[in-house]
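Commentary on secondary and tertiary structure
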Amino acid sequence: MNKFKILITGLLIGHSVFAQNLVPNGDFELYSVLPNDYGQSNRATGWNNVNGFYSGPPYASPDYFNTAGTVPTAFGQIAPFSGNGQMGFITNLFFIANFREYISTTLVSPLVAGMQYKVSFALSNGNNGEYTKSTNNIGVTFSTGPFFQLVDQPIAANPQIEIATITYNPNVWQTYTYFFTASGSYTHITIGNFRDDSNTLISPTGSSGAYYFIDSIVVEPSAPLPIELLSFTGKNYNKTNILHWSTSSETNNDYFSLEKSSDANTFHPIGKIKGAGHSTTVLYYSFVDENIFNGANYYRLRQTDFDGATSYSKIIPLISNGKNEIDFLIYPNPATNTIYLQSQNPITQITIKNILGEQIKAISGNIKSVDISNLPNGIYFITANTSKQQPLKTKFVVNR
């Protein structure tokens, strides 16, 4: 059921810069519970509604959508810009003066005063839902603390970024990119229309109000950071979580701290791994977490320079049910000269084939590692045999 009908009657292996995004869960992929109704913005991990309402009047609550959820589509829902999650919010409503909705979250780390940042996000009006007007003044405000919205009224703030023209992207996504220099150690980001109706341009066509979908929110320093992160992945193996990451270059990199959380909000360090300092070759790192939670385990990397400056990776989730969730593990992957094999039972034989299906290597014995220094770059398929299991199969990449 449309939440405003109730109100009326009831009245996105990539090569990426380390710490690419200071907005946690900026693509809304992580969630505590799948959404099943309007107004559940807090189900997207880390996000909240600044007026504190998530159900019931006054309904000034943004909407979390996930392709695996069951939220109605009266607003003209469109497929996410990337992945499975997106958020929706109102910038104008014809029957309630100055009605506004905002989404907000705490940044991974505070912005640095004087540093320039690149801010980008994708916007759409959806596909001809019940709210087909459009407005300008979609703004992004950075603050040193959380905002609080009085019921459904505009927040009195001056956004650092604001779309001055009427934004109308029906049934299509448009990416917006801006650069700004932080003037303070901002800790929060809030998005919505911060102007009242008298200072907002509203389209003469359309009905009911203006509704927008947003996805892929990114805030990152515009200057290059010390680490080029090729990958950051993890797997559950033998009641542990094994984390792997690789870098293509490092500059002034003192060490990594692997941080862990049960809710993707509050993290604590579980390990410190020495960095290479300076490197222009591909390097691989691993860490084994032996104290895992049943259920969700969230991880991120914190990188520290020799001068004490820090930056963060994306957050990755691993789900554990206390059992062995994989039978066969190869690392590092991508690999250069050697791959290491792990299984529940000793591996006694392996065969490796190329993408044409040609067998290029076969080994027997108690196998824990394989020399692949003679293999050219490419994708390979490996089959491993043990004394107690069916043949185990997976693939790996050679990349030097």
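Keep in mind that this is a model prediction, so the values were computed, not measured. (Residues numbered from 1 in each chain as written. Predicted model: local features only at pLDDT ≥ 70, side-chain atom pairs only at ≥ 80, totals over all residues. Heavy atoms only, no water.)

Thoughts on the overall build of the protein
Scanning the protein from N- to C-terminus turns up one helix and 25 strands. Taking the principal axes of the C-alpha coordinates as reference, the protein spans close to 75 × 45 × 40 Å. Burial status across the protein gives 51% buried among its 400 residues. Summing over all exposed atoms, the protein offers an accessible surface of approximately 17700 Å²; the carbon and sulfur share of this is 52%. Between the centroid of the 23 positive side chains of the protein and the centroid of its 25 negative side chains there is a distance of 9 Å. (Helix = DSSP H or I, 4+ residues; strand = E, 2+ residues; numbered from the N terminus. Buried < 20%, exposed > 50% of the residue type's maximum accessible area, 1.4 Å probe, protein only. Areas by Shrake-Rupley, 256 points an atom, 1.4 Å probe, with all protein chains shown as cover. Lys, Arg positive; Asp, Glu negative; His and termini not counted. Charge placed at Lys NZ, Arg CZ, Asp CG, Glu CD.)

Focus: the sheet that holds strand 5 (residues 103–106)
Either a parallel or an antiparallel arrangement is found when strands of a sheet pair, and the pairing is made through backbone hydrogen bonds. Read across the open sheet, the five strands follow the order 2-5-10-7-8; overall the sheet is antiparallel. Each of the sheet's edge strands pairs with one partner strand only, and the pair in question is strand 2 (47–48) and strand 8 (161–163). Sheet topology note: the strand 7 (residues 138–143)/strand 8 ladder contains three bridges and is antiparallel. Its bridge partner lying in strand 8, Gly139 is registered against Glu162. (Pairing = 2+ DSSP bridges.)

Side note on the pairing of strand 18 (residues 316–320)
Residues Ile316, Leu318 and Ser320 point to one face of strand 18 and are all buried, whereas Pro317 and Ile319, pointing to the other face, are not buried. Bridge count between strand 16 (residues 295–305) and strand 18: five bridges; the pairing is antiparallel. Bridge pairing links Gly295 to Ser320 in strand 18.

A short note on the pattern of salt bridges
Scanning all chains against the criterion turns up five salt bridges. Two residues, Lys260 and Asp289, come together in a salt bridge whose shortest N-O distance is 2.9 Å. With a gap of 29 residues between them, Lys260 in strand 13 (residues 240–261) and Asp289 in strand 15 (residues 283–289) connect regions that are remote in the sequence. The same class applies to Lys260 as to Asp289, namely buried. (Salt bridge = Lys/Arg side-chain N within 4 Å of Asp/Glu carboxyl O.)

Describing the nonpolar core
Leu111, Phe142, Ile214 and Ile217 are the most contacted members of the largest nonpolar core, which totals 31 residues. Of all the elements, strand 11 (residues 209–221) adds the most residues to this core, at five residues. Setting aside residues up to four positions removed in sequence, Leu111 forms contacts with Leu22, Tyr117, Phe142, Phe180, Ala182, Gly184, Ser185, Tyr186 and Val219. Formed by 18 residues, the second largest nonpolar core is a distinct cluster that contains Phe328, Ile330, Ile347 and Ile372. (Core = buried A, V, L, I, M, F, W, Y, C linked by side-chain atoms within 4.5 Å. Contact = heavy atoms within 4.5 Å.)

Quick word on the confidence of the model for the protein
Per-chain confidence: the protein averages 86 in pLDDT, with 91% of residues scoring 70 or above. Predicted confidence in the protein is weakest over helix 1 (residues 3–10), with a mean pLDDT of 29, and strongest over strand 10 (residues 188–193), with 98. (pLDDT = per-residue confidence, 0-100.)

Concerning the sheet that holds strand 24 (residues 378–386)
Taken in spatial order, the four strands make up an open sheet running 22-21-24-25, and their pairing is antiparallel. Whereas interior strands pair on both sides, the edge strands pair on one side only; in this sheet they are strand 22 (359–364) and strand 25 (392–398). Each strand axis lies, on average, 20° off the axis of its neighbour in the sheet, ignoring direction. Relative to strand 22, strand 21 (residues 347–354) is paired through five bridges, and the arrangement is antiparallel. When the bridges of strand 22 are listed, Gln349 appears paired with Ser364. (Axes fitted to C-alpha atoms, helices over the stretch in contact; angles between N-to-C directions.)

A word on unusual backbone geometry
Of note in the backbone geometry, Asn137 takes a positive phi value of approximately 65° without being a glycine. Mapped onto the fold, Asn137 is located in the loop between strand 6 (116–124) and strand 7. The backbone of Asn171 sits at a positive phi, close to 60°, despite the residue not being glycine. By the secondary structure assignment, Asn171 is in the loop between strand 8 and strand 9 (174–181).

Remarks on the environment of Thr338
On the secondary structure map, Thr338 appears in strand 20 (residues 338–343). Looking at Thr338, the relative accessible area reads 28%, which means it is partly exposed. Here the alpha-carbon distance between Thr338 and Val398, two residues 60 residues apart in the chain, equals 9.5 Å. In this structure Thr338 touches Pro332, Ser369, Val370 and Ile372, once residues within four positions along its chain are discounted.

Some words on the packing of aromatic side chains
The tally for this structure, following the rule as stated, stands at 20 aromatic pairs. A ring pair is formed by Phe81 and Trp173, whose centres lie 6.0 Å apart and whose planes are at 65°; its orientation type is edge-to-face. Taken together, the residues Phe81 in the loop between strand 3 (63–66) and strand 4 (85–93) and Trp173 in the loop between strand 8 and strand 9 connect sequence positions 92 residues apart. With a centroid separation of 5.0 Å and 45° between ring planes, the pair formed by Tyr102 and Phe194 is classed as tilted. Taken together, the residues span a long stretch of sequence, with Tyr102 in the loop between strand 4 and strand 5 and Phe194 in the loop between strand 10 and strand 11 at a distance of 92 residues. A residue is classified by how much of its surface remains accessible, and Phe194, at 5% relative accessible area, is buried. One aromatic cluster is present, formed by Tyr38, Phe65, Phe75, Tyr131, Tyr211 and Phe213 through successive ring pairs. Over the ring of Tyr255 we find Lys272; its NZ or CZ atom is 4.2 Å from the centre of that ring. (Phe/Tyr/Trp six-rings, centres within 6.5 Å; stacked < 30°, edge-to-face > 60°. Lys NZ or Arg CZ within 6 Å of the ring centre and 35° of its normal.)

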